[in-house]
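Geometric and topological summary
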Amino acid sequence: MLNRHTFEKPSSSFLLSGWLIRLIEKFTKSSISAEGIEYLSAHPTLFVVNHFTRMETALLPQALYKFNGQMVHSLADSSLFVGKFGRILESLGALPLNLPGRNEKIISELMRGTYNWVIYPEGAMVKNKKVVDKGRLFMQTPDATRAPHTGAAMLALQTFLKKEDYKKAIADNNEELISYYQETYNLHGPADLSPLDLHIVPVNISYYPLRPGKNLLSSGAQLFFKDIPDSVEEELLVEGNIILEECDISISFGRAIDLRSFTKPYRRILSLLNPFLSSTKCMKYLMEAMRHRLTNQFMLRIYGSLSINMDHLVATALRLVPQKGIKESHFKKIIYLVIVKIKENKQRRIHPSLSEGVINLVAGDAYEPYDLSLKLVLNEQVAIIKNGLIVVDHEKFLMPYSFHRMRIESTVGVLANEFEVMTKYIKYIKKLISTSPRKLSLSVATEVLKTDCCLFEGERMRSFDRLHTKNRDIGKPQYLAGNSKQPGILLIHGFLASPKEMEELGRLLNELGYGVYLVRLCGHGTLSKEMRNCSVAGWLESVNRGYAVLSHYHQKILMVGFSAGALLALIKSCANLDNILGVVAINPALSLKQKSVFFSSLLDSWNNMLSSFSMETGTLKWVENQPENPDSNYDRVYISGLRQLLILQDSCREHLERVTLPLLVIQGEHDPTIDVDGAQEIIDKVLSPDKKLLVIDAKHHVIVRGIGVEQVFNPIINFIKKVAETEEGNK
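Rules used throughout
- Residues take numbers from 1 onward in each chain, read along the sequence in its written order.
- A pLDDT threshold of at least 70 governs which residues receive local features in this predicted model, and a stricter bar of 80 or more applies before side-chain atom pairs are shown or counted, although totals over entire chains, interfaces and linings include all residues.
- Note that water and hydrogens are dropped before the side-chain values are worked out from all heavy atoms of the structure.
- Going along the chain from the N terminus, every DSSP run of H or I of four or more residues is numbered as a helix, and every run of E of two or more is numbered as a strand.
- Under the scheme applied here, a residue whose accessible area is under 20% of the maximum for its type counts as buried, over 50% as exposed, and between as partly exposed, the area being computed with a 1.4 Å probe on protein chains only.
- The criterion used for residue contact is that any of the two residues' heavy atoms lie within 4.5 Å.
- In these tables, accessible area is a Shrake-Rupley quantity obtained with a 1.4 Å probe, and a residue counts as shielded only by the protein chains included in the view.
- In this tally, Asp and Glu contribute negative charge and Lys and Arg positive charge; neither His nor the terminal groups of the chain are included.
- Note that the charge is assigned to NZ on lysines, CZ on arginines, CG on aspartates and CD on glutamates.
- Between any two strands, at least two bridges found by DSSP are needed for them to pair.
- Patches draw on residues past 30% relative accessible area with no salt bridge. Two like charges within 9 Å are joined, as are two nonpolar side chains (Val, Leu, Ile, Met, Phe, Trp, Tyr) within 5 Å.
- Here a salt bridge means any side-chain nitrogen of Lys or Arg lying within 4 Å of a carboxyl oxygen belonging to Asp or Glu.
- Fitted lines through C-alpha atoms give the axes, limited to the stretch in contact for helices. The angle between two N-to-C directions lies from 0 to 180 degrees.
- To sort the angles, those under 35 degrees are grouped as roughly parallel, those over 145 as roughly antiparallel, those from 65 to 115 as roughly perpendicular, and the leftovers as oblique.
- The sense of a crossing depends on the near helix, which, turned anticlockwise from the far helix by less than a right angle, makes the crossing left-handed and, turned clockwise, makes it right-handed.
- Ten residues, namely Ala, Val, Leu, Ile, Met, Phe, Trp, Tyr, Cys and Pro, are considered nonpolar, four, namely Asp, Glu, Lys and Arg, are considered charged, and the remaining ones, Gly among them, are considered polar.
- We call a set of buried Ala, Val, Leu, Ile, Met, Phe, Trp, Tyr and Cys residues a nonpolar core when their side-chain atoms join them within 4.5 Å.
- Pairing of aromatic side chains here covers Phe, Tyr and the six-membered ring of Trp, requires ring centres within 6.5 Å, and sorts the geometry by plane angle: under 30 degrees stacked, over 60 edge-to-face, intermediate tilted.
- Lysine NZ or arginine CZ positioned within 6 Å of the ring centre and within 35 degrees of the ring normal marks a charge as sitting over the ring.
- Per-residue confidence from the predictor is given as pLDDT, running between 0 and 100.
- The method works on a 1 Å grid over the protein atoms by themselves. A cavity is a set of points holding a 1.4 Å probe that cannot get out, a pocket is an open set with protein on both sides within 12 Å along at least five of seven lines, and residues with an atom within 4 Å of a point line them.
- Grid points are joined across faces, edges and corners, and a volume is the space filled by probe spheres set on the points.

1. Notes on the overall build of the protein
- For the protein, the helix and strand inventory stands at 26 helices and 26 strands.
- On the principal axes, the C-alpha backbone points of the protein span a range of 105 × 60 × 60 Å.
- Across the 731 residues of the protein, 54% fall into the buried class.
- If you take every contact in the protein between residues at least 6 apart in sequence, the share linking residues at least 24 apart comes to 77%.
- Summing over all exposed atoms, the protein offers an accessible surface of approximately 33,800 Å²; the carbon and sulfur share of this is 54%.
- Mean positive and mean negative side-chain charge positions of the protein (87 and 78 charges, respectively) differ by 5 Å.

2. Here's the deal with the pairing of strand 3 (residues 72–76)
- The element strand 3 is largely enclosed, with a buried count of 5 among its 5 residues.
- Here strand 3 shows no split at all, with Val-72, Ser-74 and Ala-76 on one side and His-73 and Leu-75 on the other all buried.
- Where strand 3 meets strand 5 (residues 116–119), 3 bridges bridge the pair, whose relative direction is parallel. Among the inter-strand pairings, His-73 is bridged to a residue of strand 5, identified as Trp-117.
- As paired elements, strand 3 and strand 4 (residues 94–96) share 3 bridges and run parallel to each other. When the bridges of strand 4 are listed, Leu-75 appears paired with Leu-95.

3. Overview of the side chain of Asn-417
- Inspection of the secondary structure puts Asn-417 in helix 16 (residues 411–418).
- Filtering out sequence-adjacent residues up to four positions away, Asn-417 remains in contact with Asn-128, Lys-129, Lys-130, Arg-319 and Met-406.

4. What to know about a negative patch on the surface
- Residues Glu-245, Glu-246, Glu-368 and Asp-371 make up a contiguous surface patch of negative charge.
- Positionally, Glu-245 belongs in the loop between helix 8 (230–244) and strand 11 (248–253).

5. Notes on unusual backbone geometry
- Of the consecutive residues Tyr-208 and Pro-209, the connecting peptide bond is found in the cis state with omega at -10°.
- Inspection of the secondary structure assignment puts Pro-209 in the loop between strand 10 (199–208) and helix 7 (216–224).
- We note that Asn-173 has phi near 60°; this positive angle belongs to a residue other than glycine.
- Look at Asn-173 and you get exposed, because its relative accessible area is 53%.
- Positive phi, close to 55°, is recorded for Asn-576, a residue that is not glycine.
- When you line up the elements, Asn-576 lands in the loop between helix 22 (564–572) and strand 22 (580–586).

6. Considerations on the packing of helix 18 (residues 437–462) against helix 21 (residues 536–551)
- At a closest axis distance of 8 Å, the pairing of helix 18 and helix 21 adopts a crossing angle of 150°. The angle between helix 18 and helix 21 places the two elements in the roughly antiparallel class. When you trace helix 18 past helix 21, the crossing you get is left-handed. When helix 18 is examined against helix 21, the residues Ala-445, Val-448, Leu-449, Asp-452 and Leu-455 are found in contact with a partner set consisting of Arg-545, Ala-548 and Val-549.
- For the contact of helix 18 with helix 21, the class distribution of residues is 6 nonpolar, no polar and 2 charged.

7. A few points about the nonpolar core
- One finds Phe-47, Phe-298, Met-310, Phe-331, Tyr-336, Leu-490 and Trp-539 to be the most contacted residues of the largest nonpolar core, which totals 178 residues.
- Here the element with the most residues in this core is helix 10 (residues 279–304); it accounts for 10 residues.
- Here Phe-331 is in contact with Val-314, Ala-317, Leu-318, Val-321, Ile-326, Tyr-370 and Ile-390, once residues within four sequence places are set aside.
- Counting 30 residues, the second largest nonpolar core, distinct from the first, contains Leu-491, Leu-509, Val-516 and Leu-581.

8. As for the packing of aromatic side chains
- According to the stated counting rule, one finds 10 aromatic pairs in the structure shown.
- One aromatic cluster is present, formed by Tyr-166, Tyr-180, Tyr-181 and Tyr-185 through successive ring pairs.
- One cation-aromatic arrangement involves Arg-407 over Phe-52; the distance from NZ or CZ to the ring centre is 5.0 Å.

9. A word on the confidence of the model for the protein
- Mean pLDDT over the protein: 88, with 91% of residues reaching 70 or higher.
- A low-confidence stretch, residues 1–7 (pLDDT under 50), is modelled with 21 contacts involving residues beyond four sequence positions or located in other chains.
- Within the model, the stretch residues 598–604 combines pLDDT values under 50 with 12 contacts to residues more than four positions away or in other chains.

10. Observations concerning the sheet that holds strand 17 (residues 389–392)
- With antiparallel pairing, the 3 strands of this open sheet are ordered in space as 14-17-16. Sheet topology places strand 14 (326–327) and strand 16 (383–386) at the edges, where each strand pairs with a single neighbour.
- Here strand 14 pairs with strand 17 via 2 bridges, running antiparallel. When the sheet's bridge partners are listed, Ile-326 is paired in strand 17 with Ile-390.
- Here helix 13 (residues 368–379) sits on the sheet and contacts strand 16 and strand 17; the angle it forms with strand 16, its principal contact strand, is near 110°.

11. Description of the environment of Glu-344
- Tracing the backbone shows Glu-344 in helix 12 (residues 328–344).
- Residue classification places Glu-344 among the partly exposed residues on the basis of a relative accessible area of 42%.
- Filtering out sequence-adjacent residues up to four positions away, Glu-344 remains in contact with Glu-447 and Lys-450.

12. Examining empty space enclosed by the protein
- Throughout the structure, instances matching the rule amount to 4 cavities of 30 Å³ or more.
- Of the volumes computed, that of the largest cavity is approximately 120 Å³.
- Asn-50, His-51, Phe-52, Glu-122, Val-126, Lys-129, Val-131, Asn-204, Tyr-303, Leu-306, Glu-418 and Val-421 are the residues that line the largest cavity.
- Taken together, the residues that form the lining of the largest cavity break down as 6 nonpolar, 3 polar and 3 charged.
- In terms of lining residues, the second largest cavity is bounded by Pro-44, Leu-110, Thr-159, Phe-160, Lys-163, Glu-164, Leu-196, Asp-197 and Leu-198.
- Top contributing element to the lining of the second largest cavity by residue count: helix 5 (residues 151–172), with 4 residues.
- Looking at the lining of the second largest cavity residue by residue, the classes come out as 5 nonpolar, 1 polar and 3 charged.

In C-alpha cells, the structure reads:
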C-alpha cells in the first residue's frame, strides 16, 4: 500500500477512539473483519457506504486507518456539533452537514488528494434495510420513500471534471478560469493536484448475528434517565448488543469505479458539441447525463458486496415458504443447496457461518448457525415448528412496523430485506421450494458427492508431488450405487490410510446389492504433508458427507469403520438418527500399543511455538512410518496429525455411554498396532443391548485387505443381514 505523506496525522482523540474499539474487541466477543482490502489504493477515493447504525461514522474511519493508514473526512448531522462533543467529532474527521463551503471543501481535498471522503448516499440510516422495490432501488426513511441521493455521484463527477477543466485552463492559459479554480478550491498550481484519478469505492457494513436486546448500555440509560425517546431506546438495544455481545462486524470493500473510465463514453460524445457549448454547460450536461447511472452502479455494488450469512438465507427462504408449510428436513436441504450455489460464485462475500460444518444441515447433526437463526425466528413468532413442519406466519412478515421499531420487533424481516438485492439466489430458492422432495434429495446427494470429490482434488493438487502423491483412484471418495431398498453401508478407513483400504469390503457388499460409500477422511489419500491440516472436526465432516450421500439414496444406513474409522463410526452413531441401524468397529484404535505417542501433544505444541517465531531448527514435524500397505497408506506420520488421533480417542471415550445401537466389534487377537484391550473397553462401556465382541486369529493390523479377510467379512455380512431383518420385523 502506497503511503500518502500529505495526509494529516491522526489526532489524540482519533487514536483514543481506536483504542476504545480495540478494547471492546478484546473484552467482548465482538470482532471487526474486512474483505476486499485489495481495492484500497493510493488514488484519491470517495467511499460510498450503506448506513444502518450510528456507530459506523466512528467505525469506518478507524477501519480505513487500520487497513491502509489513511485518514478520511465524513459528514454528520449538524445538530451533533455542539460544545465538547462537537470538537471530539471534528477530531475524528467528521464535519457538519451545514458547514459553509462544504462541497467546495470536499472537491478540493479529493482533487488534491489530501483527504479521502466517506459519504452515506442513502442520506439517512435505513433501519429496515429495505432498499429494493419491484427491481428498483429506493430508500425508506421516517420522512419519505425515495430513490438514493445523487449527491455523492455529483461530488465525484464534479471533482473529476473540474480537475480536468482546471488542467485544460492551464494548458490554454485561461487566466479567468485558472483564477476561479484556484480561489474556489484552494489551489496554487498544477503541482497541488493529485497525479492519480479519483476512484469511488463501495463499502458494505453488515452484522452477524444481529440480535437486538437488553444490554449494559440500554439498562444503564434506563437507570439514569427517565422518558428515553423511543428512537434512542431502540438504538441502544440494537447497537449496544452489537458492541457488547458476540457480533461479527463485516466491512466489505467492493471493486472501485474509476471515474476516467466511467466518464469516457460520455465525454467522447459531448466533445462533438464543444465548439458550440461553454465548458460550464458541457460539464452540466455531462453530470446530468451520468449522475443517476453512476449512483445506480455504486449503490448496487454496495449492496452486492454484502457478506452473506446464515440469517439472510433462513429469513429469505421463510418468506417464500407456502402457506401449507414445509418439512424442516426439506427446508434444511434448500438452505444447503443455496449455500453450495453461492459458494460456486467465487466473487460473493461469504460469512464463516456458511463455511465449516454446513454439511451437518443434511447429515442429521446440529449446525449452530442454523439453530441460532431458527431460534430468532421462533422468538419473534414468525414461524412455528409442529411435528417437523415449519409453518410461517406471513401476516407477521407483511405487518407494517414503525421506522424506529422495525429492527427490534422484526429482525427477521430486516435480514430478509437486506438480502433482496441478491435476486439470482432468491429465484433459486423459489425454484428449490417448488421442487419435489425426491428430486431435492437427489440434488443434495449429487452436490455432496461433487463437493467431496472437489475437496479431494483440491488437497491433492495443493501438495502434489509426482513421486509421492497417491494415485487418484486410491485416494478419491467413491459411491457404489446399490439397491435403494437395501441399507446403505458407510465404510470409513483408518489413520494414514485411504478409501482403497476399504475397497475390497466395499466391492463385496456392493455385489450383494448394498449401496456403499467409501469415505475419504480429510488429509488422507493424497500426500502425507496434508495431515498437517487435518482435525477431528474435519474427519467428522468427511464422515457426514458420506452419510449425507447414502441417506438420500437409502432409507437405512449401517456404519462400518476400521481402526480410527471405527472411532468415528461410534461417534456418528450417537447422533440419534432413526435411519442408522447399527455399527461395526474393526480393530478400533481406542488405545495404541506404542505409548510414546502420548508425547505428540507436547511435541506439536513445541513445533507450533518455534514456528510462531519463524524458527524451523529444533522442530520435529514428522517421523517415518512403515505401513503394511504402502499403496494406500502414508510412509510418514506428521506429529500434528497424531495429536488429532489422540483427541479422537478421547472424544470417542466420551461418546461410548451414548452408543445404544446394535454393535459388532471385531478385534485381531495379535494386533501389533493397537492395544486389544480397547475393544473390550468399548463393549463394557456402550449401552447397546445387542453388542458382540468377536476376536479373530490375526497377527497384522490391517485385517480388511488381503489373505484371511473372509473371517472379517463374513461376520460383517451376517450382522448387516441380521439388523436389517430385525428392522423389517419391527415395522
